[in-house]
Amino acid sequence: MITHKKFPNDFVYIEIENSSAKAKIALQGAHLFEYKRVGEEDILWLSEISDFEKDKAIRGGVPICWPWFGFNEDKNLPQHGFARTSMWEFVSSDEVSKGETTLLFRLVHNEQTLKIWAYKFELELKITISKELKMELKSTNLDKKAFKISQALHTYFNVSHISEVVIKGLGKKPYLDALTWQKEMQDGDISFDSEVDRVYQEVDTNIVLVDKNREIKIKNTNSSSAVIWNPWIEKTSRMSAMKEGAYEHFVCIESANAFDDSRVIEPKKSHTLIAQIF
Ligand code: TA6
């Protein structure tokens, strides 16, 4: 069942529930901010004090960083691009089978986006809500010139406690440490006892999030980069819409095309970044 809902301030979202799972998606940013399988804990973390407000990114869920990931060279432009704060169109939904529903969202260039980024484009997000969560982000170049994008499905995973978390699948992978801007090599699995902000490259296998009582697998397609982020104590106090101690309850594992894995899209061509979470 699909229901159109809004918060008291008219911030609109879609709620979808089938026999496998329940999810909520805001039209601003096509931002999935809840995904819960029947009988299980939330897969996604959402800040208790997140904004649900026009032009402000939701803190948690799956923000879409597009058409650039991280800072822009032009410091007046927003971090992580404009897709997460733009209003998307809800195009259609389809009940593929019992317990599997797809939803399609679209963002097309407009006067505002052309002022920030001078290219004509179509961006589509297809979300499959089933026992597995699948997100397919398709970028199409509608312009006469090629463009280059970097992007991420910036997924915040809900965890029991950050000290219980181990991330597998990135051992022996090179990464860019965004805290020092040095290139490093991952030695073994990842665990957390301080701030981590890294862009892994050459990623070619599933990433596994091991928590106290569950394991979540992340399979990325058309992507060879993944971002791992936890702000730890001090950075949390400087983040918008994050309560003290929030860092204990999430880790971001982001399906990306970032830095060396940025993609050039020729006119009339598309590129689809896919993340499957199961
Ligand atoms: O993906 C990690 C990161 O780029 C961090 O550097 C951190 O700033 C985070 O994203 C959140 O960014 P935001 O703009 O949502 O506050």
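Quick notes on the rules
Residues numbered from 1 in each chain as written. Predicted model: local features only at pLDDT ≥ 70, side-chain atom pairs only at ≥ 80, totals over all residues. Heavy atoms only, no water. Near = heavy atom within 4 Å. Polar contact = N/O pair within 3.5 Å; in protein donor to acceptor, adjacent residues only side chain to side chain. Areas by Shrake-Rupley, 256 points an atom, 1.4 Å probe, with all protein chains shown as cover. Helix = DSSP H or I, 4+ residues; strand = E, 2+ residues; numbered from the N terminus. Buried < 20%, exposed > 50% of the residue type's maximum accessible area, 1.4 Å probe, protein only. Contact = heavy atoms within 4.5 Å. Pairing = 2+ DSSP bridges. Axes fitted to C-alpha atoms, helices over the stretch in contact; angles between N-to-C directions. Core = buried A, V, L, I, M, F, W, Y, C linked by side-chain atoms within 4.5 Å. Disulfide = S-S within 2.5 Å. Salt bridge = Lys/Arg side-chain N within 4 Å of Asp/Glu carboxyl O.

1. Some points on the site of the ligand
Now for step 1: Around the ligand, the surrounding shell consists of Arg 59, Phe 69, Gln 79, His 80, Arg 84, His 154, Asp 197, Val 227, Trp 229, Met 239 and Glu 254.
Now for step 2: In this structure, Arg 59 approaches the ligand through a side-chain N or O atom, which is 3.0 Å from an oxygen atom.
Now for step 3: In this structure, Asp 197 approaches the ligand through a side-chain N or O atom, which is 2.5 Å from an oxygen atom.
Now for step 4: Coverage of the ligand by the protein amounts to 82% of the 390 Å² it exposes when considered alone.

2. As for the side chain of Asp 143
Now for step 1: In this fold, Asp 143 is placed in the loop between β9 (133–141) and β10 (147–149).
Now for step 2: For Asp 143, a relative accessible area of 14% gives the class buried.
Now for step 3: A polar contact of 3.4 Å, which involves the side chain of Asp 143, links it to the side chain of Lys 145.
Now for step 4: What Asp 143 contacts, discounting residues up to four positions off in sequence, is Ala 118, Tyr 119, Lys 120 and Pro 267.

3. Re the sheet that holds strand β1 (residues 2–6)
Now for step 1: In spatial order, the strands read β1-β2-β3-β4; together these 4 strands make up an open sheet with antiparallel pairing. Edge positions in the sheet fall to β1 and β4 (31–37), since each of these pairs with one other strand and no more. Strand-to-strand twist of the sheet, defined as the mean angle between neighbouring strand axes without regard to direction, takes the value 15 degrees.
Now for step 2: Pairing between strand β3 (residues 21–26) and β4: 6 bridges, direction antiparallel. Residue Lys 22 lies in a different strand from β4, and its bridge partner there is Lys 36.

4. Considerations on the nonpolar core
Now for step 1: By size, the foremost hydrophobic cluster in this structure holds 60 residues, and its most contacted members are Phe 105 and Ile 167.
Now for step 2: Examining the composition of this core, we find that 5 residues originate from one element, strand β8 (residues 121–129), more than from any other.
Now for step 3: Beyond its immediate stretch of four places on either side in the chain, Ile 167 contacts Asp 189, Ile 190, Phe 192, Ile 207, Val 208, Leu 209, Ile 228, Val 251 and Ile 253.
Now for step 4: Core analysis: the next-biggest nonpolar cluster, separate from the first, contains 8 residues, Phe 69, Ala 152, Val 227 and Ala 256 among them.

5. So, the sheet that holds β9
Now for step 1: Reading across the sheet, the 8 strands line up as β6-β7-β8-β9-β22-β18-β17-β13 and stay open at both edges, with antiparallel pairing between neighbours. Looking along the sheet, the strands with just one partner apiece sit at the ends: β6 (89–97) and β13 (166–168). When strand polarity is set aside, the average angle formed by the axes of neighbouring strands in this sheet is 15 degrees.
Now for step 2: Note: β8 against β9, 9 bridges, orientation antiparallel. Looking across to β9, one finds that Lys 126 is bridged to Glu 136.

6. Some remarks on the environment of Pro 67
Now for step 1: Here Pro 67 is to be found in the loop between β5 (64–65) and β6.
Now for step 2: Under the relative-accessibility criterion, Pro 67 is labelled buried at 2%.
Now for step 3: Taking the C-alpha atoms as reference, Pro 67 lies 29 Å from Lys 172; in sequence the two are 105 residues apart.
Now for step 4: Once residues within four sequence positions are removed from consideration, Pro 67 is found in contact with Gly 81, Phe 82, Trp 117, Lys 148, Ile 149 and Ser 150.

7. Concerning the state of the cysteines
Now for step 1: This structure, assessed with the given rule, holds 0 disulfides.
Now for step 2: As a non-bridged cysteine, Cys 65 has Cys 252 as the owner of its nearest cysteine sulfur, 9.2 Å distant.
Now for step 3: Relative accessible area serves as the criterion here: at 0%, Cys 65 is assigned to the buried category.
Now for step 4: The class for Cys 252 is buried, based on a relative accessible area of 0%.

8. Here's the deal with the pattern of salt bridges
Now for step 1: For the structure on display, the rule yields 18 salt bridges.
Now for step 2: As a salt-bridge pair, Glu 34 and Lys 24 come within 3.3 Å of each other at their nearest N and O atoms. Residue Glu 34 is located in strand β4, and its partner Lys 24 is located in strand β3; the two are separated by 10 residues in the primary sequence.
Now for step 3: The class for Glu 34 is buried, based on a relative accessible area of 16%.
Now for step 4: Judged by its relative accessible area of 16%, Lys 24 is buried.
Now for step 5: A salt bridge links Asp 189 to Lys 168; the shortest N-O distance between them is 3.0 Å.

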